[in-house]
Amino acid sequence: MADTLNVSTWKEAVEFAPGVHWIGALDPTLRTFDIILRTANGTTYNSYLVRGSEGVAIIDTVKEGFEDEFFHRLESVARYDEIKVIVLNHLEPDHSGALPELMRRAPQARLYISTRATTMLKALLRPNREEPFEYTTVTTNDRVSLGDRHLRFLHTPFLHWPDTQCTYLEEQQVLFSGDVFGCHYCDSRLFNDRVGDFRFSFDYYYAHIMRPFKQWVMEALALIEPLKMKIVAPTHGPILRERPRRYVAHYRELSTSSLSRELGDTDKSLIIFYMSSYGNTARMAEAIYSGADTVDGVRVSLYDLEGGEVAPFVDLIEDADALLFGSPTINGDAVKPVWDLLSSLAVVNLKGKIGAAFGSYGWSGEAVRMVEDRMRGLKMRVPREGIRVKLIPTQEELDECTGFGREIANILVGKEVQRGVIEFSDLT
Ligand code: FEO
């Protein structure tokens with residue numbers, strides 16, 4: 001098949017719309033990206049070249065170490081003195097690695113970056129250039145002309161860095177989307193209608209890269225969805241030329257909370273997770289549950305971490321409004337399942353959710369404070385000091401737990417003023 005090409009020998013640019021070429025690089029042996037992301041068959045660093053009647057634009061470059069491939073492909077379709085415009089949609093090193101050398105080879109070109117990219121650009125190029133360089137910052141609806149072709153910019157920050165933007169080629173309706181709609185999937189057939197089944201990679205990439213920034217995804221979609229779109233060209237993985245809107249719609253679906261649809265706008269979700277070694281923390285959890293459950297407008301869930309996998313809990317946590325973690329203290333620490341869950345939450349945005357901790361202990365009882373610190377580190381709001389009980393909770397202590405659950409649930413629905421917060425009414 002003509003387009004099943006050998007990765008190691010394939011070094012030509014690939015034209016996928018008149019005057020629009022892929023000039024990126026293939027990295028089929030990569031197995032771990034950015035330390036945390038795994039990839040079973042590598043990735044691509046997609047870079048694009050657009051030829052207009054009055055000059056050439058390069059959109060994004062490649063990772064350091066892949067410059068030869070990139071420049072070889074570029075030279076196969078353009079001269080450096082034809083390059084008028086360089087756009088960096090995102091300055092992370094996997095896309096800016098060849099920028100310093102490209103600017104040296106095409107010194108007449110003007111660099112276009114987002115308004116938020118300025119400080120990053122200076123830091124990025126400092127080791128490589130002694131002279132200051134010229135660039136233009138752009139935002140939504142700014143345009144640059146290549147004669148008969150025009151590039152329009154969309155300000156789409158935090159997808160997944162503050163600097164990220166998209167660039168739209170108006171005449172041919174190609175969206176150069178940066179990391180958005182990308183995935184770590186290396187296949188030299190390049191196009192979504194040619195490559196293997198990359199659905200898992202697409203969703204995995206979204207879950208680890210875009211998911212913490214769902215609200216920014218929604219804002220970006222508001223700019224992207226009205227565009228006429230024949231092709232979406234991301235910086236990683238397949239170029240989406242067959243039914244590109246399907247991927248845009250999938251992003252909206254992934255970024256919309258299913259739980260909030262189910263609960264409606266009024267009910268709040270409060271989830272209690274616990275681990276218990278002798279049943280004492282479990283008793284506390286049940287008492288807290290019974291207290292929280294008395295509050296109208298709160299749907300309370302109780303989960304023993306001993307019986308669950310972490311991944312589905314992460315989905316629940318993302319949609320929850322309040323999270324309570326119960327852990328005994330063993331060897332001066334919270335127990336591993338609790339830490340496993342807490343450490344897996346970097347992929348979701350917890351900012352502003354209410355958090356609280358509780359647990360039984362034998363002699364020292366550090367776990368509750370440690371869990372609270374972690375929740376604060378995740379930017380959660382911890383309105384009440386957690387409850388600690390020495391060994392077996394008495395009925396009085398269980399009653400206190402019930403009150404604690406009710407109090408947290410009331411805070412959640414705005415019925416109770418936080419302790420330690422001075423209201424103006426208290427001063428009069
Ligand atoms: Fe592909 Fe965020 O760099």
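Residues numbered from 1 in each chain as written. Predicted model: local features only at pLDDT ≥ 70, side-chain atom pairs only at ≥ 80, totals over all residues. Heavy atoms only, no water.

Quick notes on the packing of helix 6 (residues 214-224) against helix 7 (residues 244-255)
And step 1. Interaxial distance between helix 6 and helix 7 falls to 10 Å at its minimum, and their mutual angle equals 150°. In this structure, the crossing between helix 6 and helix 7 has a hand that is left-handed. Contacts between helix 6 and helix 7 involve Lys-214, Val-217, Met-218, Leu-221 and Ile-224 from the first element and Val-248, Tyr-251, Arg-252, Leu-254 and Ser-255 from the second.
And step 2. Considered class by class, the residues forming the contact of helix 6 with helix 7 number seven nonpolar, one polar and two charged. (Axes fitted to C-alpha atoms, helices over the stretch in contact; angles between N-to-C directions. Helix = DSSP H or I, 4+ residues; strand = E, 2+ residues; numbered from the N terminus. Left-handed = near helix turned anticlockwise from the far one by under 90°. Contact = heavy atoms within 4.5 Å. Nonpolar A, V, L, I, M, F, W, Y, C, P; charged D, E, K, R; others polar.)

Considerations on the pattern of salt bridges
And step 1. This model, assessed by the stated rule, comprises 22 salt bridges.
And step 2. Across the pair Arg-79 and Glu-82 runs a salt bridge whose closest N-O atoms are separated by 3.9 Å.
And step 3. Asp-187 serves as the salt-bridge partner of Arg-189, at 2.8 Å between the closest nitrogen and oxygen.
And step 4. Relative accessible area serves as the criterion here: at 25%, Arg-189 is assigned to the partly exposed category.
And step 5. Asp-187 sits in the buried class, given a relative accessible area of 11%.
And step 6. In this structure, a network of salt bridges that share partners links the residues Arg-51, Arg-79, Asp-81 and Glu-82. (Salt bridge = Lys/Arg side-chain N within 4 Å of Asp/Glu carboxyl O. Buried < 20%, exposed > 50% of the residue type's maximum accessible area, 1.4 Å probe, protein only.)

Some thoughts on helix 11 (residues 336-343)
Quick reminder: α-helices carry 3.6 residues per turn. Residues three or four places apart thus point the same way.
And step 1. Val-338, Leu-341 and Leu-342 are the residues of helix 11 that are buried. Considered in projection along helix 11, the buried side chains sweep an arc of 95° and stay on one side of the axis.
And step 2. Buried residues belonging to helix 11 abut strand 17 (268-274), helix 10 (310-319), strand 19 (322-326) and helix 12 (367-377). (Arc of directions from axis to C-beta.)

Some details on the nonpolar core
Generally speaking, a soluble globular protein has its nonpolar side chains buried in company with each other.
And step 1. Judged by nonpolar contacts, the single largest core of 61 residues is most densely connected at Leu-74, Ile-83, Leu-175 and Phe-181.
And step 2. The element best represented in this core is helix 5 (residues 199-210), accounting for six residues. (Core = buried A, V, L, I, M, F, W, Y, C linked by side-chain atoms within 4.5 Å.)

With respect to the confidence of the model for the chain
And step 1. When pLDDT is averaged across the chain, the result is 91; 91% of the residues are at 70 or more.
And step 2. Scored below 50 in pLDDT, residues 1-5 shows seven contacts in the model against residues more than four places distant or in partner chains. (pLDDT = per-residue confidence, 0-100.)

Section: unusual backbone geometry
And step 1. Residue His-160 is reached from Leu-159 by a cis peptide bond, and omega for that bond is 15°.
And step 2. One non-glycine residue, Gln-173, lies in positive phi territory at about 55°.
And step 3. Residue Arg-243 is not a glycine yet carries a positive backbone phi of 50°.
And step 4. Tracing the chain through its elements places Arg-243 in the loop between strand 16 (231-234) and helix 7.

With respect to the UniProt feature "domain: Flavodoxin-like" (unreviewed entry) in the chain
And step 1. Mapped onto the present numbering, the UniProt feature "domain: Flavodoxin-like" (unreviewed entry) falls at residues 270-409.
And step 2. As a span, residues 270-409 carries 41% helix and 21% strand, and end to end its C-alpha atoms are 7 Å apart. (UniProt positions renumbered as here; feature names shortened; annotations may be inferred.)

Section: the domain arrangement of the chain
And step 1. Split by domain assignment, the chain resolves into domain 1 (14-255) and domain 2 (260-426).
And step 2. Taking only C-alpha atoms, the centre of domain 1 and the centre of domain 2 are 42 Å apart.
And step 3. Taken over both partners, the interface formed by domain 1 and domain 2 buries close to 500 Å², and the fraction arising from carbon and sulfur atoms is 36%.
And step 4. Residue Arg-211 pairs with Asp-315 through a salt bridge whose shortest N-O separation is 2.9 Å. (Domains from an automatic or database assignment. Buried area = accessible area lost by both parts, 1.4 Å probe.)

Let's talk about the sheet that holds strand 2 (residues 20-22)
And step 1. Spatial ordering of the open sheet is given by 1-2-7-8-9-10-11, a layout of seven strands whose pairing is mixed. A single partner strand is all that each edge strand has here, and the edge strands are strand 1 (14-17) and strand 11 (135-138). Each strand axis lies, on average, 25° off the axis of its neighbour in the sheet, ignoring direction.
And step 2. Note that strand 2 and strand 7 (residues 48-52) share three bridges and pair antiparallel. (Pairing = 2+ DSSP bridges.)

A short note on the side chain of Asp-187
And step 1. By the secondary structure assignment, Asp-187 is in the loop between strand 15 (174-178) and helix 5.
And step 2. A polar atom in the side chain of Asp-187 sits 3.1 Å from the backbone nitrogen of Gly-196. (Polar contact = N/O pair within 3.5 Å; in protein donor to acceptor, adjacent residues only side chain to side chain.)

Examining the sheet that holds strand 16
And step 1. Across the sheet, five strands lie side by side as 12-13-14-15-16; this open sheet has mixed pairing. Unpaired on one side and paired on the other, strand 12 (143-145) and strand 16 mark the two borders of the sheet. Here the strands of the sheet are splayed against their neighbours by 20° on average, with no regard to which way each runs.
And step 2. The sheet contact formed by strand 15 and strand 16 spans four bridges and is parallel. Within the sheet, the bridge partner assigned to Leu-175 lies in strand 16 and is Val-232.

Thoughts on the pairing of strand 21 (residues 387-390)
Each regular strand displays side chains that alternate between the two surfaces of the sheet.
And step 1. Judged by which residues are buried, strand 21 turns out to be one-sided: Ile-387 and Val-389 face inward and are buried, whereas Arg-388 and Lys-390, on the alternate face, are not.
And step 2. In this sheet, strand 21 lies alongside strand 20 (residues 354-361) in parallel orientation, the contact comprising four bridges. Across the sheet, Ser-360 pairs through a bridge with Val-389, a residue of strand 21.

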